[in-house]
Structures are given as structure tokens and as C-alpha cells.
Amino acid sequence: MFRIKICGVTRPEDAAHAVACGAEAIGVNFFPGSPRFVPVDLAREIVRAVADRVEVVGVFVNQSPETIVSLCGRLGIRRVQLHGDEPPGDASRVPLWRIKAVHADRTPDLPALLAYPCEVFLLDAGGGEAYGGTGRELAWGELGNRFPGIAGAQGPGGERKPWILAGGLTPLNVERAILAARPFGVDVASGVESSPGRKDPGKVKTFIERAKTGFRIAEA
């Protein structure tokens with residue numbers, strides 16, 4: 001399980017820089033409606049630039065299991081992020097390591113959510129019709145009460161899946177967010193950009209440094 005993921009990477013050099021700074025995963029967005037959408041040929045270059053050193057996560061929104069499995073197989077991607085409204089039946093037909101994104105601004109159906117077929121949850125702010133990348137900040141301290149069994153105490157059977165915090169994270173607030181919410185990992189896209197899809201090298205470096213500090217303090 002990775003701790004720090006830089007998502008919405010659109011250039012091989014941005015991916016390589018994030019890995020050099022200590023990122024443990026990068027996200028490549030295959031949702032055509034996103035300003036961070038990456039076509040297949042460019043995605044292949046990004047994967048080649050970093051795949052031997054870091055986990056590459058393919059980000060999908062409401063695409064068919066067959067499309068996801070085929071594309072990931074061609075690119076050598078082993079982890080996927082389901083960031084739309086994918087039903088459990090579709091997720092169960094994706095034989096890869098799965099992150100399920102949850103719009104934390106909505107009221108959760110906890111029993112259904114906890115039964116969702118995935119390895120990790122990602123709590124994102126969402127917003128209107130947007131599927132992530134909005135830069136909206138979550139109320140970190142409230143997540144434990146709103147999502148018991150994920151961000152809060154263990155579920156009724158003693159289980160607690162790993163979860164990733166996203167939504168409005170920046171180099172300025174990531175350490176505080178980690179200490180308030182106690183996630184297993186963090187995910188950032190817009191918070192380390194100079195423009196949509198263009199990562200700012202200084203922001204990426206500072207974000208990773210401060211996220212590492214936050215996790216170190218939280219685990220002390």
C-alpha cells in the first residue's frame with residue numbers, strides 16, 4: 001500500500017520528477033471529460049518513464065470493465081481507480097487491484113459501501129457533476145464519524161479497509177490533514193499544479209516532504 005500518490009500526471013517528465021521526490025504512486029487519467037485526460041500513446045510514455053520504480057494507477061470514470069482491463073493490459077498497468085458511479089458488479093469484473101473513489105460530500109450508504117469489491121477506498125470532495133480534481137477541501141475531522149469502518153473505527157466485523165485522503169490537499173495543508181484524518185495515504189492533483197495537468201516541480205517536492213512529515217508524526 002502506497003502512502004503518497006501524485007494524480008493527474010500528463011507528462012513523463014512530471015512523473016519522473018514526482019518519483020524522484022519520493023512519490024510512491026502516480027495516477028494517469030483516462031477520463032475524456034477531465035482536463036488531465038491522457039491519450040493511450042502518451043500514457044505509454046509515462047508508464048515507461050516510471051513503471052520500474054513506482055506504482056502507476058489508471059483512473060477511470062464509468063468505463064466498462066472490458067475497456068479497463070484491455071487498456072491496462074496493453075499498458076502494463078496493474079492498479080486502477082474507479083472514480084465514477086461504477087456499480088459493484090462492474091468492479092467485480094475488473095481483476096486488478098482497485099481503488100474505489102467515494103464522494104465524501106454525499107451521504108454514504110455504509111453497508112453497501114463497505115461491501116463494495118475493492119482493495120482501498122479514496123475519499124474525495126467531489127462537487128456537482130465533477131469527478132474529482134476540483135480542489136475542494138474536505139472537513140477532515142468529521143470523516144471518522146461519517147465513515148465508520150473506513151475513516152473511523154473498525155467495522156462491525158472488526159475489519160477496516162485502507163483508505164486514501166484526497167480533495168483540496170496542498171503543500172500548505174497536507175500535514176494538518178494527515179494529523180486530523182489519519183488516512184493510510186494521500187492523493188493530490190490540482191494542489192500541486194501550475195495549470196490543470198501541469199505539475200509545479202516545487203509544489204510537488206514540498207507536498208511530498210510535508211506529507212512524509214505528517215505520516216511520521218502520526219505514527220510516532
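Here, residues in each chain are numbered from 1, in the same order as that chain's written sequence. Thresholds applied to this predicted model are a pLDDT of at least 70 for local features of residues and 80 or more for the giving and counting of side-chain atom pairs; totals over whole chains, interfaces and linings are not thresholded and use all residues. To obtain the side-chain values, all non-hydrogen atoms of the structure were used and water was disregarded.

Engineer: Help me understand the overall build of the chain, please; the structure alone is not making it clear to me.
Structural biologist: A tally of regular secondary structure across the chain gives eight helices and 10 strands. C-alpha atoms define the radius of gyration, and 2.2 Å times the number of residues to the power 0.38 defines the globule rule. Taking 2.2 N^0.38 as the reference for a compact globule, 220 residues should give roughly 17 Å; the C-alpha atoms of the chain span a radius of gyration of 16 Å, in line with that estimate. Its C-alpha atoms give the chain principal-axis dimensions of about 45 × 40 × 30 Å. Relative to all contacts within the chain whose residues are 6 or more apart in sequence, the contacts with residues 24 or more apart total 58%. Under the convention used here, Asp and Glu are negative, Lys and Arg are positive, and both His and the chain ends fall outside the count. The location of each charge is read from NZ of Lys, CZ of Arg, CG of Asp or CD of Glu. Taking the 27 positively charged and 25 negatively charged side chains of the chain as two groups, their mean positions are separated by 3 Å. We count a stretch as a helix when DSSP gives it H or I for four or more residues in a row; a strand needs E for two or more, and each element gets its number in order from the N terminus. Residues are treated as being in contact if the distance between any of their heavy atoms lies within 4.5 Å.

Engineer: I keep staring at the environment of V120 and nothing clicks. Help me out?
Structural biologist: Along the chain, V120 falls in strand β6 (residues 120-124). A 1.4 Å probe rolled over the protein chains alone gives each residue an accessible area, and that area as a share of the maximum for its type sets the label: buried under 20%, exposed over 50%, partly exposed in between. The class for V120 is buried, based on a relative accessible area of 1%. Beyond its immediate chain neighbours, meaning those up to four positions away, V120 contacts M1, W97, R98, I99, K100, P162, W163 and I164.

Engineer: I would appreciate a short explanation of the pairing of strand β8 (residues 185-188) in the present structure.
Structural biologist: It is a general feature of regular strands that their side chains alternate between the two faces of the sheet. Covered by surrounding structure in β8 are G185 and D187 together with V186 and V188, the residues of both alternating faces. Note: two strands are recorded as paired if DSSP finds a minimum of 2 bridges between them. Direction of pairing for strand β1 (residues 4-6) relative to β8: parallel, over a ladder of three bridges. The residue bridging I4 from the neighbouring strand is V186, located in β8. Of the strand pairs in this sheet, strand β7 (residues 163-165) and β8 are connected by two bridges, and their pairing is parallel. Its bridge partner being in β8, L165 is matched across the sheet by V186.

Engineer: How do you make sense of the nonpolar core when you look at a structure like this?
Structural biologist: Nonpolar side chains in soluble globular proteins generally cluster together in the buried interior. In these notes, a set of buried Ala, Val, Leu, Ile, Met, Phe, Trp, Tyr and Cys residues joined through side-chain atoms within 4.5 Å is what counts as a nonpolar core. I26, L143, L165, V186 and F207 are the most contacted members of the largest nonpolar core, which has 57 residues in total. Among the elements that line this core, the one with the most residues is helix α8 (residues 201-219), at five residues. Those residues within four positions of V186 in sequence are excluded, and the remaining contacts are R3, I4, K5, I164, L165, L169, V174, I178, F207, A211 and F215. Formed by nine residues, the second largest nonpolar core is a distinct cluster that contains V120, L122, I164 and A166.

Engineer: It is not clear to me how the sheet that holds strand β3 (residues 55-60) should be interpreted in this structure. Could you clarify?
Structural biologist: One key point about sheets: their strands pair by backbone hydrogen bonds, in either a parallel or an antiparallel sense. Pairing within the closed barrel is parallel, and its eight strands lie in the order β1-β2-β3-β4-β5-β6-β7-β8. This sheet shows a mean twist of 30° between the axes of neighbouring strands, independent of strand direction. By the bridge criterion, three bridges tie β6 to β7 in an arrangement that is parallel. Paired with L122 across the bridge in β7 is I164. Convention adopted: a line fitted to C-alpha atoms gives each axis, helices being fitted over their contacting stretch, and angles between N-to-C directions are expressed from 0 to 180 degrees. In the packing of helix α2 (residues 40-50) onto the sheet, the strands contacted are β2 (25-29) and β3, and the crossing angle to β2 comes to about 175°.

Engineer: In this structure, what is going on with unusual backbone geometry? I would like to understand it.
Structural biologist: The phi torsion at N62 lies on the positive side, around 55°, for a residue other than glycine. Of note, R182 is a non-glycine position whose phi angle comes to about 55°, a positive value. Structurally, the position occupied by R182 is in the loop between α7 (174-181) and β8.

Engineer: Sorry if this is basic, but what is going on with the pattern of salt bridges here?
Structural biologist: Any two side chains of opposite charge can pair, so long as their charged atoms come close to each other. By convention in these notes, a salt bridge is any Lys or Arg side-chain nitrogen within 4 Å of a carboxyl oxygen on Asp or Glu. Applying the stated criterion across every chain yields a total of 16 salt bridges. As a salt-bridge pair, D90 and R93 come within 3.3 Å of each other at their nearest N and O atoms. One salt bridge in this structure joins R98 and E119, with 2.9 Å as the shortest N-O distance. Residue R98 is found in strand β5 (residues 97-103), and its partner E119 is found in the loop between α5 (110-114) and β6; the two are separated by 21 residues along the sequence. Look at R98 and you get buried, because its relative accessible area is 11%. Assessed through its relative accessible area of 28%, E119 is described here as partly exposed. What you see here is one network of salt bridges that share partners, running through R11, E13 and D14.

Engineer: What is the right way to look at the packing of aromatic side chains in this model?
Structural biologist: The way to describe two aromatic rings as a pair is by their centre distance and the angle between their planes. Centres within 6.5 Å are what make two rings of Phe, Tyr or Trp a pair, Trp counting through its six-membered ring; a difference in plane orientation under 30 degrees is then read as stacked, over 60 as edge-to-face, and the rest as tilted. This structure, assessed with the given rule, holds two aromatic pairs. Here the aromatic rings of F2 and W97 are separated by 5.9 Å at their centres, their planes lie at 55°, and the arrangement is tilted. Of the two residues, F2 sits in the segment before β1 while W97 sits in strand β5, which places them 95 residues apart along the sequence. Where F30 meets F60, the ring centres are 5.2 Å apart and the plane angle is 20°; that geometry is what we call stacked. Taken together, the residues span a long stretch of sequence, with F30 in the loop between β2 and α2 and F60 in strand β3 at a distance of 30 residues.

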